[in-house]
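The residues making up each chain are set out below.
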Amino acid sequence: MARVFEAADASNLVTELRRSFDSGVTRGYEWRVNQLKKLLIICDNHEPEIVAALHDDLGKPELESSVYEVALLRNSIKLALKQLKDWMAPDKAKTSLTTFPSSAEIISEPLGVVLVISAWNYPFLLSIDPVIGAISAGNAVVLKPSELSPASSSLLLKLIEQYLDPSAVRVVEGSVAETTLLLDQKWDKIFYTGSSKIARIIMTAAAKHLTPVVLELGGKSPVVIDSDTNLKVTIKRIIQGKWGCNNGQACVSPDYILTTKEFAPKVIDELKQELVAFYGKNPMESKDLSHIVNTNHFDRLSKMLEEKEVSEKIIHGGEKDREKLKIAPTILLDVPLDSLIMNEEIFGPLLPIFTLNNLEESFDVIRSRPKPLAAYLFTQNQKLKERFAMTVSAGGIVVNDIAVHLAVHSLPFGGVGESGMGSYHGKFSFDAFSHKKAVLYKSFFGDSAIRYAPYSRGKLRLLKALVNSNLVEVFKVLLGFK
Amino acid sequence: MEDMKETVEQSLREMRETFASGRTRSVKWRKTQLRAIIEMVKDNEDKMCDVLFQDLGKHSTEAFRDELGFVIRSATTALDCLDKWVVPRKSNLPLLFYPAKGKVISEPYGTVLVMSSWNFPISLSLDPLIGAISGGNTVLLKSSELSPNASAFLAKTIPSYLDNKAIKVIEGGPDVATILLQQQWDKIFFTGSPKIGRIILAAAAEHLTPVTLELGGKCPTIVDHHSVSKDMKSVVKRISGGKWGSCSGQACISVDYVLVEQSFASPLIEMLKTTVKSFFGDNPKESGCLSKIVSKKHFQRLARLLNDPGVKASIVYGGSMDEDKLFVEPTILLDPPLDSEIMNEEIFGPILPIITLRDIQESIGFIKSKPKPLAIYAFTKDENLKTRILSETSSGSVTFNDVMIQYMCDALPFGGVGESGIGRYHGKYSFECFSHEKAIMEGSLAMDLEARYPPWNSFKLAFIRLAFREAYFKLVLLMLGLIKVRDQ
């Protein structure tokens, strides 16, 4: 067994990485590209091992691992490689009359030594994707993968040790004890993916060192279904987004459905029918569904399901096997709003449907709850789409599909309120790990006396004219007409 | 204090109701409020200059330059640009997602808290307010109790100009701040010290509230006399203006200390002395152009810094103090001990240490050994030194051949890094600071690919792999059965 990770190890690690960062090695374009290419090699050469680790940890189907973890990462790395030069280039900024004559630019500089704490549900994607951002921006980085996906965690350690520059990119495995020791250190940024409960602990720890944080959390992402929709496609996409993405164990997973009382029976029929088409008559045997990550989470979900007024609302599924950590895709109809399942992020294969008198009420239901990471709407009604997009507050909004926004690098991905702060993906990842340094170049020409004491009425008048960008007035004052 | 708690909760409820009504989201409302801010400043110029004089002894020219004028400009910029800022940004999606559309909408956070500072009590209150309003938020401003006249003025005047159901002012000190921080806000914007910054951040963690912290730090000024000897007059004027001309050095972007080569220290000091005299005359206390120290406590802090024996011995100019008038003379120190308090805490007052180096290149190492400052100033024409400063040091901003004016440039983000803060504002960045960037994606229900859905098989896997690579030609071949599943 490996040696215990102690306080001294944590502080030595940061000291070592800080030395590397201070030496400037991570700042160079070449280094960044080199490291990104190594990450690409990991994806290209080790996909079978990654798929196997994910199968060990989560029983994740090969296609899901291959697509949602490896392929997404590969795209993310390729994009960074392709665009890094552009991202690193300073942005020119316009200067104004007040600071004339001058020129200005904004430089993206690395923050320093950063910590990435990732999650167990997409252990590769959620570990490497932020690391891509950290490296692209020129930081030294420590990754702490989740102990709840141990096979993935140790594979990440092995691969990153094998391929990346150990003086600047490191992996620390461990759970609460190790994380606590890491959080005692001073970081220049902490990037955390996980629950809002732990996020509070992270942010409190960060406050001690004034460390900025990105918190990628979750929440109960609602799906609103209007009757004016293509129901078959709608239901397929919901099933794919719910059970087809790690069996509901995803931060952007549909958490509950809102639809009208009138339309609900159709939704339910279609759901039942398509679930069978997707996963067969006996979904407990399906190879296309991940299992629940561990008994803790299995018990958490069981508890939700077994609540008195909840268990009687199951209209589909409900089968469980604790031994195999399997729960069948389960649909519930109109569970009490104050039940556990309607107040905690489900993060599993249970899907409550909540019916309304009219769709209008869905706005109130969503607004009365903490802001979710995603809000989904299925409709062909243009007006409704617009109103939903404008007035529903969520990290992101997807109309007529589920979760696809996270694969689009031109959209920022991140939450708001209870669903997190900060965003990443594509250039947003680079920005998340960069400090935007303002640079102003001034010349010595044109040093106006109005800037300096002793002050006078004339100076005040000139300043006022300048502030109002009133050139005529400026000349008048300068020429002594006033 | 129970009363205060009640007041705060009542205000918060009202602001949340207002926000929920959607009123503050409309561009029209935002513009009306921005116009009202400009009107308020213009209507109350004299009154504002009065309160700034009472609280800080600020000369009206200084007050206009750093506060009133600044606010008018900031509000005007927001007013002029708001239509542009609120437009959703279209995002290009890869062909794979066709015919889906993507865009980013800036949406208001909700109800936000702005805690301002006493040194620029008008601009550091109203400037963040402009950002919060531009973003479409309801906002509570807590003004600083250390500038009581400005604070009272804001509390009295703001409600008569702005929508008082959406924008509120609460006066008070740390006890009020504590009550405010117990509440849930959608964003907190704080200007002040790193010490309080930590408290704010920790309190915000409780509710997962995003925070912008505008702090300070010891902003160094590098004088590379080799390359700027011809312009030394301007250099010295600008340094003097940056140290003593803006609230007597009580500014977060003030020049904190100067780094210069040993050989040039004496000429520099002589020139500084001459400039100080030309700015403030032989009797600066009576000049009317120097702000006073804000409070007894701060006066005593500065006195303590200066009374350190090692520091006292390093005074080469000034050093006189008058506690009754809260006046500290412009003071220059030559090489005070580097381990003294004055070289390790933000000075925030009219004292200027000159630190000598053998070679100006050593300034890089010197700055790197200290916490990241809000600004670095460097007077140099040496391109190599410029590059080294930019790439080897870290700070909120870097200004070459001038001081403090980066603050006036609204095309530049203003904010710190590390010990000097988190987040940024000014111009469009103020709008962004108070907006959540919401990603919107819209798919089409008309087109649907079977390959997206289980049950999985090797064809679907191959299909998705190709799609991800955006290898569209191969994708077509695969669909036509012209290449084998395992080929790609």
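Starting from 1, residues in each chain are numbered consecutively following that chain's sequence as written. As a convention, the first chain written is A and the first ligand written is 1, with the rest following in written order. Totals for whole chains, interfaces and linings use every residue, but because this is a predicted model, local features are given only for residues with pLDDT of at least 70 and side-chain atom pairs only at 80 or more, for both listing and counting. Heavy atoms throughout the structure, all of them, feed into the side-chain values; hydrogens and water do not.

- The name an unreviewed UniProt entry gives chain B is Aldehyde dehydrogenase, with Microthlaspi erraticum as the organism.
- UniProt positions are given in the numbering used here, feature names are shortened, and annotations may be inferred rather than shown by experiment. UniProt annotates chain B under Sequence similarities (unreviewed entry) with the comment "Belongs to the aldehyde dehydrogenase family."
- For chain B, the Catalytic activity (unreviewed entry) comment in UniProt is given as "an aldehyde + NAD(+) + H2O = a carboxylate + NADH + 2 H(+)".

- The name given to chain A in an unreviewed UniProt entry is Aldehyde dehydrogenase, and the organism recorded there is Microthlaspi erraticum.
- Here chain A is described in UniProt, under the heading Sequence similarities (unreviewed entry), as follows: "Belongs to the aldehyde dehydrogenase family."
- Listed under Catalytic activity (unreviewed entry) in UniProt, the entry text for chain A is "an aldehyde + NAD(+) + H2O = a carboxylate + NADH + 2 H(+)".

1. Quick look at the UniProt feature "active site" (unreviewed entry) in chain A
Residues and elements named next belong to chain A.
Right, on to step 1. On the UniProt side, "active site" (unreviewed entry) is annotated at positions that read Glu216 and Cys251 here. In summary, the annotated positions, though distributed over 36 residues, converge in three dimensions, the widest C-alpha pair being only 8.7 Å.
Right, on to step 2. The helix and strand labels rest on DSSP assignments: H or I over at least four residues marks a helix, E over at least two residues marks a strand, and numbering proceeds from the N terminus. Looking at where Glu216 falls in the secondary structure, it is placed in strand β7 (residues 213–216).
Right, on to step 3. Assessed through its relative accessible area of 3%, Glu216 is described here as buried.
Right, on to step 4. The contact definition used throughout considers only heavy atoms, calling two residues in contact when any of these lie within 4.5 Å. If near-sequence neighbours (up to four positions away) are discounted, Glu216 is found in contact with Phe191, Tyr192, Thr193, Gly194, Phe413, Gly414, Gly415, Ser419, Gly422, Ser423 and Tyr424.
Right, on to step 5. Looking at the secondary structure, you find Cys251 in the loop between α9 (231–242) and β9 (254–260).
Right, on to step 6. Burial status follows relative accessibility: with a 1.4 Å probe on protein chains alone, a residue under 20% of its type maximum counts as buried, one over 50% as exposed, and anything between as partly exposed. Judged by relative accessible area, Cys251 falls into the buried class, the value being 16%.
Right, on to step 7. Cys251 has contacts with Asn121, Leu217, Gly218, Ser221, Glu345, Phe347, Leu373 and Phe413, leaving out every residue within four places of it along the chain.

2. Comments concerning empty space enclosed by the protein
All names here are of chain B.
Right, on to step 1. For cavity detection a 1 Å grid was placed over the protein atoms alone, and a set of points counts as a cavity when a 1.4 Å probe fits there but cannot get out; an open set counts as a pocket when protein lies on both sides within 12 Å along at least five of seven lines, with lining residues being those that have an atom within 4 Å of a point. Grid points are joined across faces, edges and corners, and a volume is the space filled by probe spheres set on the points. Under the defined criterion, the tally for this structure stands at 6 cavities of 30 Å³ or more.
Right, on to step 2. Roughly 110 Å³ of internal volume is contained in the largest cavity.
Right, on to step 3. Along the walls of the largest cavity sit 16 residues, with Ser74, Asp127, Asp410, His426 and Gly427 positioned nearest its centre.
Right, on to step 4. For the lining of the largest cavity, the secondary structure elements donating two or more residues are α4 (60–85) and α5 (123–134).

3. Digging into the pattern of salt bridges
Residues and elements named next belong to chain B.
Right, on to step 1. Definition used for salt bridges: Asp or Glu carboxyl oxygen within 4 Å of a side-chain nitrogen of Lys or Arg. One pass over the structure, following the stated rule, counts 46 salt bridges over all chains.
Right, on to step 2. A salt bridge links Lys168 to Glu14; the shortest N-O distance between them is 3.4 Å. Note that Lys168 is positioned in strand β5 (residues 167–172) and Glu14 in helix α1 (residues 2–21), a separation of 154 residues in sequence.
Right, on to step 3. Residue classification places Lys168 among the buried positions, given a relative accessible area of 14%.
Right, on to step 4. Judged by relative accessible area, Glu14 falls into the buried class, the value being 18%.
Right, on to step 5. Here Glu145 makes a salt bridge to Lys142, at a shortest N to O gap of 3.8 Å.

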